[in-house]
Amino acid sequence: MRGVIEQSVVERCEDVDKEKKKRRRPRRSKQNASASATCSSVNEMPLEASECLENGGINYDTTSMSYSASKQRGSETNPLDNHGLHKASDVAFTSLPTMRLNEQTLNTEVESINNLHIFPSDPSRRMFSKSCPVPIDYQQSIQSVTNQNIPSPYQDEGCIPRRCFTPHWSIEAVNEALEKGNVFRASFRVNAHNRIEAYCTIEGVKTDVLISGVASQNRAVEGDIVAVKVDPISLWSKMKGSTGFSNNTGLTEDRNLLPDVTFVGDSWKGKNKVDVGFDFDHDRNHFLFHEKGSPYEDNASSRENVSREPMGHYRVNGHHPPVSGPSHFSNMDSLEEICAAIDSFPSKRPTGSVVAIIEKSLRRVAVVGFLSIRQWLSSCGLHRKGTKMNRHYLSPSDGEYIQLTPTDPKLPKMVVPVRGLPNCIKRRLDNGDASMEMELVAAQIIDWGEESSLPLAQVMHIFGRGGEIEPRIAAILFENTIFPSEFSPESLSCLPPVPWKVPQEEIERRRDLRNLCIFTIDPSTATDLDDALSVEKLFDGNYRVGVHIADVSYFVLPDGFLDSEAQSRSTSIYLLQRKLPMLPPLLSENLGSLIPGVDRLAFSIFWDINVAGDVVDRWIGRTVINSCCKLSYEHAQGIIDGIFDLEDSKILGNDCPQLHGHFKLSDVIRSVKDLHAISKTLRTNRFNNGALLLDGVEVILLFDENGIPYDSSFSVQKDSNFLVEEFMLLANRTAAEVTSKAFPDNALLRRHPEPNLRKLREFEAFCSKHGLELDTSSSGRFHHSLEQIRGKLKNDTVLFNILLSYASRPMQLATYFCTGDLKENKNGWSHYALAIPLYTHFTSPLRRYPDVIVHRILAAAIEAEELYMKQGAKMRKVKNWEEMRCFTGIHFDKNAAESVEGRKSLSVAASKHQLPCTEVLVNVAAYCNERKLASRHAKDGCERLYMWVLLKKKEILLSEARVLGLGPRFMSIYIHKLAIERRIYYDEVEGLTTEWLDATSTLVVNLSINKCSYWRGNQGKYRRVEDVAWVIPPCLKQEADAFEGTVDKWGATSVGRDNVAPMGPSCTSESGVSDANEIEPSFFPLTVRTLSTIPVVLHAVGGDDGPLDIGARLYMSSYYG
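Starting afresh in each chain, residues are numbered from 1 along the sequence in its written order. Predicted model: local features are reported for residues with pLDDT of at least 70 only, side-chain atom pairs are reported and counted for 80 or more only, and whole-chain, interface and lining totals are derived from all residues. The basis for every side-chain value is the complete set of non-hydrogen atoms in the structure, without hydrogens or water.

Counting its secondary structure elements, the chain contains 29 helices and 39 strands. Throughout, exposure labels follow a simple rule: accessible area from a 1.4 Å probe, protein chains only, divided by the maximum for the residue type, with under 20% read as buried, over 50% as exposed, and the rest as partly exposed. Here the chain holds 1121 residues, and the buried ones make up 58% of them. Of the contacts made within the chain by residues no fewer than 6 positions apart, 76% connect residues no fewer than 24 positions apart. Total accessible area on the chain is roughly 47100 Å²; 50% of this is exposed by carbon and sulfur atoms. Elements are defined by DSSP. Helices are runs of H or I of four residues or more, strands are runs of E of two residues or more, and each kind is numbered from the N terminus. For this analysis, residues touch if any pair of their heavy atoms sits within 4.5 Å. Note on areas: Shrake-Rupley with a 1.4 Å probe; residue coverage comes only from the protein chains shown.

A word on the environment of asparagine 1006. By secondary structure assignment, the location of asparagine 1006 is in strand E34 (residues 1002-1007). Residues asparagine 1006 and glycine 991, 15 residues apart in the sequence, show an inter-C-alpha distance of 8.7 Å.

Now for the nonpolar core. Most often, soluble globular proteins have nonpolar side chains that are buried together. For this analysis, a nonpolar core means a set of buried residues of the types Ala, Val, Leu, Ile, Met, Phe, Trp, Tyr and Cys, connected via side-chain atoms within 4.5 Å. Within the largest apolar cluster, 98 residues are counted, with the highest numbers of intra-cluster contacts made by Phe519, Ile521, Leu583, Leu587, Phe727, Phe743 and Phe842. Looking at this core, the element that brings in the most residues is helix H25 (residues 849-871), giving twelve residues. Formed by 79 residues, the second largest nonpolar core is a distinct cluster that contains Leu760, Leu804, Tyr974 and Val1096.

With that out of the way, let us pick up the packing of aromatic side chains. Note on aromatic contacts: the rings of Phe and Tyr and the six-membered ring of Trp form a pair at centre separations within 6.5 Å, being stacked when their planes are under 30 degrees apart, edge-to-face when over 60 apart, and tilted otherwise. Applying the stated criterion across every chain, the model contains 13 aromatic pairs. Note on phenylalanine 603 and phenylalanine 842: the rings are 6.2 Å apart at their centroids and 75 degrees apart in plane angle, and the pair reads as edge-to-face. Of this pair, phenylalanine 603 sits in strand E23 (residues 599-609) while phenylalanine 842 sits in the loop between strand E29 (815-818) and H25, placing them 239 residues apart in sequence. A relative accessible area of 0% places phenylalanine 603 in the buried class. Judged by its relative accessible area of 0%, phenylalanine 842 falls in the buried class. Ring geometry for tryptophan 1030 and tyrosine 1115: centres 5.7 Å apart, planes at 25 degrees, overall stacked. Remark: tyrosine 1115 occurs in strand E39 (residues 1106-1117) and tryptophan 1030 occurs in strand E35 (residues 1029-1032); sequence separation between them is 85 residues. Across this residue pair, the class does not change: tryptophan 1030 and tyrosine 1115 are buried. Aromatic rings pair up to connect Trp500, Tyr554 and Phe555 into one cluster.

Attention shifts here to the side chain of serine 593. As for its position among the elements, serine 593 is in the loop between helix H17 (585-591) and E23. Overall, the relative accessible area of 0% leaves serine 593 in the buried class. In this view, serine 593 contacts Thr527, Asp528, Leu529, Leu587, Ser588, Arg600 and Leu846; residues no more than four positions away in its chain are not counted.

The pairing criterion for strands is at least two bridges between them, as found by DSSP. With six bridges connecting them, strand E33 (residues 992-997) and E34 associate as antiparallel partners. Paired with tryptophan 996 across the bridge in E34 is leucine 1003. Taking the residues between adjacent antiparallel strands as the criterion, E33 and E34 are bridged by four residues, where serine 1001 takes a positive phi near 50 degrees.

To continue, consider the sheet that holds E34. Taken together, the three strands give an open sheet; going across it, the order is E33-E34-E37, and neighbouring strands pair in antiparallel fashion. The open sheet terminates on both sides in strands that have one partner only, identified here as E33 and strand E37 (1086-1088). With strand direction ignored, the average angle separating the axes of adjacent strands in the sheet is 15 degrees. Helix axes use the C-alpha atoms of the stretch in contact, all axes being lines fitted to C-alpha atoms, and the angles between their N-to-C directions lie in the range 0 to 180 degrees.

Our focus in this paragraph is the sheet that holds strand E11 (residues 352-359). One open sheet accounts for five strands, arranged E5-E4-E3-E6-E11; its pairing is antiparallel. Here the strands that pair on one side only, and so sit at the sheet edges, are strand E5 (209-212) and E11. Going from strand to strand, the sheet's axes swing by 40 degrees on average, the running direction of each strand aside. By the bridge criterion, four bridges tie strand E3 (residues 184-190) to strand E6 (residues 225-230) in an arrangement that is antiparallel. Each bridged residue has a counterpart across the sheet, and for serine 187 the counterpart in E6 is isoleucine 225.

Bringing the environment of leucine 757 into the picture now. In this structure, leucine 757 sits in helix H22 (residues 757-769). Spatially, the C-alpha atom of leucine 757 lies 7.3 Å from that of lysine 206, the residues being 551 residues apart in sequence.

Within helix H16 (residues 561-569), burial applies to Leu562, Asp563, Glu565, Ala566, Ser568 and Arg569. The positive-phi residue at the C-terminal boundary of H16 is serine 570, with phi of around 70 degrees.

Before going further, it helps to examine the pattern of salt bridges. Here a salt bridge means any side-chain nitrogen of Lys or Arg lying within 4 Å of a carboxyl oxygen belonging to Asp or Glu. Here the structure, examined in full by the defined rule, presents 46 salt bridges. Across the pair lysine 579 and glutamate 589 runs a salt bridge, and its minimum N-O distance is 3.4 Å. Placement of the pair is lysine 579 in strand E22 (residues 579-580) and glutamate 589 in helix H17, with a sequence separation of ten residues. Because the salt bridges share partners, they merge into one network encompassing Glu506, Arg509, Arg510, Asp551 and Arg622.

It is worth spelling out the pairing of strand E38 (residues 1093-1103) at this point. Within E38, nine of the eleven residues are buried, leaving the element largely enclosed by the surrounding structure. In the sheet, strand E30 (residues 957-966) pairs with E38 via six bridges, with the strands oriented antiparallel. Bridging from a neighbouring strand, arginine 962 pairs with threonine 1093 of E38. Relative to E39, E38 runs antiparallel, the two being bridged by seven bridges. From the neighbouring strand, valine 1096 faces E39, where its bridge partner is leucine 1114.

Next comes the structure, spelled out in structure tokens:
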């Protein structure tokens, strides 16, 4: 704290605001005058905080760019994180989760920036941008903040710091509280539709804790790991969907909504796609999976009469209850008490506040946004019409800041010091270049003190124009800390020179399968072929099925340069028009890929399977194979359907698969048919044993020769996909059984927890309300119920796909884990959707690093088995060594594993293959989970980008939509044509009236003859009808129908438009979806109920002027207005 605030400083900052308030709201001006009086004591902190957070909590004057007395010195230095923010260059190596709070002091954010490598491929740290042709020196940019004496945004000379947030607890207090159970470690997630609402997931608590209000969030950012203090039950809010709504009509909650409908910012498909029944190596997009959290919790209705003041103080009915600090805790001081309270009060949601940040999210160092350039230029006098630029203003003073608005609505607005901007941006500011506002910039949070309501950020570089594809893709990768780069010379040096062939000594160490009919089935464009299949019919009537996986671990040795590079990347990333490989193309597309006609190294698993689909025997080992054919899924499906045979092969010509070696096409056709028959039996058995399938249609985009999307279609999985899926699942399951039994403390498995019970019950209740019976008592019964509903809704596939998406909402994410980390909880190893106790990833080592780890563990188990057999006395009495498969056979010999010889063999093999210890493997698993999620977010982001580009090209799209959620303020709709969800807000619209019939949960929307009368001072609160509905007179509609081609099959129309994109080819249609030419507008008044079908107009929003989005409006017609 400093001395008394100088009165002149206060008067200078308040004169303008006082004059405006006097003219606009004379009554409030008196209150504001008293409220803005200078504080002279820390005892007045709550009042000061409320002033800081007034009007959205922004205490930066970004119009004048001068700081008021409320901007004081502050520091975000947090003793809870001695590493500060994760460096981008260390993401691949050191961003693994902190396992224990550390008492060392935190390195400041700026120090971590000094070592930041934006792109590994750019060792000189110089980034080129189309919009910023001058390379940016990051060190210079950083030094402009750290060494040029730029005033902190939290200080002003002679001012007393005013706290907007409570200080974070000390390390000692947090550690003590965590041990006692008074606070809880939790992940922090923000509601994208209402950033002042966030949710914290506490392990062991089935209901997320609501963190309502900026003050309670206490500077936490999306993705942070925080320490949460749970409120007493008396302060808990009512659960959405519970009975007993507030009488406050101004905050009436949207009701009659599907349970826990989740929207994620400008996300249309969702990000956290649940890794459930398709948890196998052949990835495919799943239908409309979303993040956890309720999207309809963006209003304050149905809560108790509790208000939270900025400093974390609560006011119940106007009175302050005792405030809990580190040494005084409320009733919710144990996990058991919270769980018991939730069970006792199911209609209430726990609330709480953040008391400390334990681990800082990578989102802090990966901010993408737009700078408010015009606002800054206007404040500097550079943007005046007819006025010559005054060069006096072209050198930004130390006290000038520009506001940064992130494209992610979950992140707060930030302020950026002008003097710390990169030089190329400064030069454009000097020239008064207002187009700079359309450029996407990369930034990171470097400070957020308790005295400021906004964080301080540092801009690092420019991506380019926000409406262009390449800058947007670069921004998506940056947001997910994915830094595309070439492979280092050191990693490439780990690979053998080409041309390369399998060494003879390696062939002698392996089983030679080059005379076996082996082939691959992959997408036609695939180049990284990491799995192949074979099948033989045995004399006893059983089939011997083989899965052969590329032996990547032969080339990627532990702790080598290539291994480090693969671990840092963790996974290959597919972005529709490009791929970011985990391994160098020389390995993933050549040396390691199972290319037909060449010898390749493989890991093979053979099963002897009887006609009932039971595995009666198996063999696992390293092999040498030579694939005879590369089949596409279309080839395999043609064979299954019987439309592709020997005679057709002559007609197909170039489309016929090319054969290698001595095998004939008849051999391949027979093998595919046999594999299909076996896979059908395995699939039937799997679902009979309790597996759950949540699969829907997938929208795929079609691109022209320039890589621009021109159309979309639906993709549905077929029998050829299921054929490969079944054997990959069986291989992964087998690898999990062998590795977890041979090395119970050092196996890398994949688990899928049971779904959220509360959300599951809500979905069950919704189905019951609409006459659909659903049993969710187990995964198997869940699947059986959905299949019955599928049959009942066979004429309404759109609704069934919607239900499938909502059925996935309660599901939790599947994650990698180390068995030694969950040694005391083996029940937690299971995979819920697959209904099996053990599962892992083994079949895609060319694109997933966990598979490489599993290969090494499996190789160690095989070698330990051989060592044990050589040492055993029984070995001399056995003619066929295969009879001694004690570790990898169908029956695991526990006695052999626990014997002295067995333990020694396992230890020697583990050491030879350099298996990681439990602690290291725990960190590897956590990092791979984080990278897998980041890659999924990047893929989803690119899909949304190209969908936006398609809509931008089409200009508008007419489509039918199903109403998912309905209330007095907005409706949520599902557009099947694009498989996206949108919201349409119809409250506070000029010229539009809405009537909510609570008794029947019905909405009536109508045009108003008289324009809406504004409340004084709220002119900007109302929107135009055009923002909500596209209203055309019936005569105009008839004229449009009279011209052939005016409206194409997309619904792109020239009515009222000058430029219309060319029409694309016809799109595959789904049952129940009307063609755009058949879509008719609705007439006012419009009556809507849940699950109603309504016509809508879609259009692209944003680009150069903001975040990308797809806007939705009602498609209406009216004889009036």
